[in-house]
Amino acid sequence: MRLSEQPLFPLRWPALRHWPIQAQLRALVLASLLPLALLIVIDVISSARHALDSARNETRHLIEDATRDIEHIVLDTERTLAVLARRPQVQQADRSNCDPIFQNVGLMTPDFTRLALHAPDGQPLCGAAQATSPTSLWFSEGLRSPGVVLGDARFDQNSQRWYLMPTLAVRDNSGQVTALLSLQIDLPALRSRIFPHALPSQQALAVLDRQGRFLVRTPDSQTWVGRTTSDVDAIQRMAFQPDGGFERAVDVDGITRLRSYRPLPGSGWTVIAGIDENAALAPYEWRLALGIALGIAVLWLALTLARHLGQLIAAPVHELERVAIAVANGDGSARVTEDGPSELLIVARELNRMLDLRAAQQLALKSSEIRCSGIIDAAMDGIVALDEQWRIVLFNAAAEKIFGYASTAVVGMPFQTLLSGDHNAMLRAFELSGEGHRRLPGDLNGLRADGEIFPLEASITRLPDAGQTVYAVTLRDIGDRRRAEEALYRHLQLLESLQDLAQAILAAHLPQQVAQIGLQRLHTLVPFWDGSVTVFDMEDEEATVQAREHQPGSPSSNSKRISFDNYGRDDIERLREGRPCRVADLDSLAQRPPLLEQWRRQGVRSYLRLPIVAEGQLLGALNLASDQLGGFTQHQLGIAQAYTGLMAIALQQALLRQRIERLNHVYAVLSGINALIVRCHDREALFDGTCRIAVEAGAFRMAWAGVIDPATGEGQVVACYGGDQEYIDAVHLTIHPDTPYSERPACRALRTGQPVVCNDLTVDPSLGVLRHPLQKMGINAVACLPLRIGDEVPAVFTLFSGAPNAFDHEEMRLLGELADDIGFALAHIAATEKLDYLAKLPVQALKIDRSFITAMLEQPDAMTLVAAIVSLAHSLRLAVVAEGVETEEQAQALSRLDCDVMQGYLFSQPLSAEAMRQLLKQHQHIATPIW
């Protein structure tokens, strides 16, 4: 195996393989010493564990001995109290008959400093008892406990000494508590009984009561008795562990000890035994120091040996390193001195041979580069060569033209400099793929020197070059081609869209459908926030909304009719001239009509209005709004104008069809009602038939007729067809202007005698509560027609349509004729009813009112009515008197109708009685008796 294939360090870790030889030798030595170091560590750990086990056993023996001694003392104390409690005089609990033992307790046991007996209420009975509160903790606990309560450490203010006071409840034969017996034990004296001999200096013992106070502690018992330790809870948790607690802790005197804990049964006390950590672990520390010293000595010897071996091997390697650095810096004449170990000698010879071969190849490569350079410079596409770090090493003239950089400025720069966006991952993927050639994605964008971003078409090729990899990237600016493709695609899309629009419009019937289809198709090509199509009524100066298409959050409006003042008269004039209205910033307008001001408040920033013109006539406008400044480009304007031109023709045809259909319906109503008038002689039948014909023949949703009572000025609906009773019940008719219903359309028609039209229920406030039921029935427009009889308006005829803006001028003119026909029929029926009544009266003459005489020469219907009255009177054998004859033409017409008597200003003004006699004498033929 060759030396280059067999690394000095046997572990094939990439990081170690690149270390210097001397470092590898040192690492090898350290690795060989690992077992020895491990044995030393194991020995040290075993020694430490043995020392801890010894310390644990020692503290356990110590704590067991102390616990045994304390238990003996506690047992003696309990027996003493039990014996005392059974003495008769103690059980009597009589203050006047105390047991002498209370005086001699000190003689019995020197440790007992005081014996006392208290009553259950805390009053002293015998001995050194003092009054105490029955609720105090030690007193109440002693009364409740069935046995002896050892209690906790207490301090005597008089003697300034700490003591322990065990208590026992005295009970009579029935088990009732009669007194509490207490015995005071001096704690320093108790220490002497528990620890009669001094402990070794490295050992410590302590007894804690339930409150964590020291009852006994050695050493320094006098110092610590009665003091409270700071870690009571932790000590009690350790003491109550199943196998007894053992830990390393800093004692109250500041010495670190290894401590064991044990609870004293039945007392709540805790016994603590500790050994000085330094004394317990001294053998372990000596063993640890010995192991460390031995390890350092062995390590020093091994590293010294490795250093000497490394120097012998490193000298030839450094020579190889020197030559490699010189060749890398461009010194083609550098060669290796052939010396050293046999393996390195082989390496030196092979390296020298490769350097000679490399020099010959470089000479051939320079010749090839000269030929290739001319081809690259003449190429039409940009060619960029990259090294392994993706830095530019070659930049031809075409690339300079494409990117606007000079070749000298970009050589050495990262290739990413020429691209928009981060494409390092794409280049890295090609590098790792091993492919020789790849076409880069079509969404690649270049970045020129001036910051312009443009589309690129690129491919990359991997070229090996003297052991390294060079990447050749071919680049082509496809901006012009992409723009031409986009323009072609837009034109094709527009043509297809216009074709689809034309087919959809041809299938539409109503102008609203035509407008809605146009807006929906336009929105796919021209994005807008809100769009609508309006039709202009130049006579009423109103714009009617035919369709609307909007996005969420765009301006909202329920109005179907907009006055020219609200729409904007300046824009109307521009549209009349056939010019579009395009405003890039709505805030820039100094004067804004109400509709544009409402748009601005609702978020519109720019708008576009295009005229809808058919055969030179302005039909309406296409209205587009955007929430962006400059929302509509010139290209979008062209698309919208193309849509508007196509929509104008279809919209004109749809409007004409709709108008013809409506007029046909009205003519059908006129024909049907005139036929009804001819054969109808009853007012109720006339109203019922009129309403029915209007709905059935005229395609109205509902029709009703209402009549006013002339005496009260109030009225009611007398006939209805197509409506529901809920709506009819809500209708109120009146001619009085001061009522809540006076502004409703029917009431205004009755009061003014003029037709009232509401073409958009959503914006007419006069309907009040009637609007909801009408909208519920699908009604959007209302027309109220007053029915005249002479100068009076006794009735109203109301029509309801489901289509908004249903009643235009032409339709209202025809409906006005219909109202006149119905009024004539009502007058004829009224006259017939009067004549029938007249025929039954004992009269000889019939007088024609002057209103008929005045109108008969101007109105054919009035002439027909006068002729009918004259004929009817003669058939009843009555004379006819015409009053109000003022002209010769009227007199001649009445003569032709065979009128019997005429009176009026034509014959004379009013005269006195004398003047009248004179006139009669002169013209006796003027006035003749008629009955």
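Residues numbered from 1 in each chain as written. Predicted model: local features only at pLDDT ≥ 70, side-chain atom pairs only at ≥ 80, totals over all residues. Heavy atoms only, no water.

S.K.: What's the story with the environment of Leu770 in this structure? I'm lost.
M.R.: Here Leu770 shows up in the loop between strand E27 (756–758) and helix H25 (771–776). Classification of Leu770 as buried rests on a relative accessible area of 5%. C-alpha of Leu770 to C-alpha of Ala730: the two residues are 40 residues apart in sequence and 7.0 Å apart in space. In this view, Leu770 contacts Tyr727, Ala730, Val731 and Arg744; residues no more than four positions away in its chain are not counted. (Helix = DSSP H or I, 4+ residues; strand = E, 2+ residues; numbered from the N terminus. Buried < 20%, exposed > 50% of the residue type's maximum accessible area, 1.4 Å probe, protein only. Contact = heavy atoms within 4.5 Å.)

S.K.: I tried to follow the pattern of salt bridges on my own but got confused; where do I start?
M.R.: Any two side chains of opposite charge can pair, given that their charged atoms come close. Here the structure, examined in full by the defined rule, presents 25 salt bridges. Ionic pairing is found between Arg391 and Asp387, a salt bridge with its closest N-O pair at 3.4 Å. Classification of Arg391 as partly exposed rests on a relative accessible area of 36%. The salt bridge partner of Arg600 is Glu597, with a shortest N-O separation of 3.0 Å. Residue Arg600 and its partner Glu597 are located together in helix H20 (residues 594–601), separated by three residues, close to a single helical turn. Glu597 gets classed as buried once you look at its relative accessible area, which sits at 19%. (Salt bridge = Lys/Arg side-chain N within 4 Å of Asp/Glu carboxyl O.)

S.K.: Explanation requested: the sheet that holds strand E8 (residues 214–218) in the structure shown.
M.R.: Sheets are built from strands paired through backbone hydrogen bonds, the pairs being either parallel or antiparallel. Across the sheet, which stays open at both edges, the five strands sit in the order E8-E7-E11-E10-E9 with antiparallel pairing between neighbours. Across the chains shown, the open sheet's two edge strands, defined by having one partner strand only, are E8 and strand E9 (246–250). Shown here is a sheet whose adjacent strand axes are inclined to one another by a mean of 25°, direction ignored. Examined bridge by bridge, strand E7 (residues 203–208) and E8 share four bridges and lie antiparallel to one another. Bridge pairing in E8 links Ala206 to Arg217. (Pairing = 2+ DSSP bridges. Axes fitted to C-alpha atoms, helices over the stretch in contact; angles between N-to-C directions.)

S.K.: Would you mind showing me how to read helix H19 (residues 569–576) here?
M.R.: An α-helical segment advances 3.6 residues per turn. Residues three or four places apart therefore align on the same side. Along H19, the residues that are buried comprise Asp571, Ile572 and Leu575. Buried residues of H19, viewed axially, fall in a sector of 105°; they line one side. (Arc of directions from axis to C-beta.)

S.K.: How should the packing of helix H21 (residues 634–679) against helix H22 (residues 683–696) be read in this particular structure?
M.R.: Think of two packed helices as two axes; the pair is described by the angle between the axes and how far apart they sit. The N-to-C vectors of H21 and H22 enclose an angle of 160°; their axes lie 9 Å apart at closest approach. Viewed along their axes, H21 and H22 adopt a mutual orientation that is roughly antiparallel. Note on packing geometry: the crossing formed by H21 with H22 is right-handed. For the pair formed by H21 and H22, the contact residues are Val669, Gly672, Ile673, Leu676 and Ile677 on the first element and Ala685, Leu686, Gly689, Thr690, Ile693 and Ala694 on the second. Considering only residue class, the contact of H21 with H22 consists of eight nonpolar, three polar and no charged. (Parallel < 35°, antiparallel > 145°, perpendicular 65-115°, else oblique. Left-handed = near helix turned anticlockwise from the far one by under 90°. Nonpolar A, V, L, I, M, F, W, Y, C, P; charged D, E, K, R; others polar.)

S.K.: Quick question: what am I supposed to make of the confidence of the model for the protein here?
M.R.: It should be kept in mind that the predicted coordinates are not to be read in detail where pLDDT is low. Of all residues in the protein, 86% have pLDDT values of 70 or greater, and the mean over the chain is 79. Segment residues 1–11: pLDDT under 50, and 16 contacts once partners within four positions in sequence are set aside and those in other chains are kept. (pLDDT = per-residue confidence, 0-100.)

S.K.: Any chance you could explain the state of the cysteines here in plain terms?
M.R.: What makes a disulfide is a covalent bond joining the sulfur atoms belonging to two cysteines. This structure, assessed with the given rule, holds one disulfide. A disulfide bridge connects Cys98 with Cys126, and the sulfur atoms are separated by 2.0 Å. In this structure, the disulfide formed by Cys98 and Cys126 twists by about -85° around the S-S bond and is classed as left-handed. With Cys98 in the loop between helix H4 (88–92) and helix H5 (105–108) and Cys126 in strand E2 (residues 124–127), this pair connects stretches of sequence that are 28 residues apart. By relative accessible area, Cys98 is classed as partly exposed at 27%. Residue class for Cys126 comes out buried when judged on its relative accessible area of 2%. No disulfide involves Cys720; its sulfur sits 6.6 Å from that of Cys691, the nearest cysteine. (Disulfide = S-S within 2.5 Å.)

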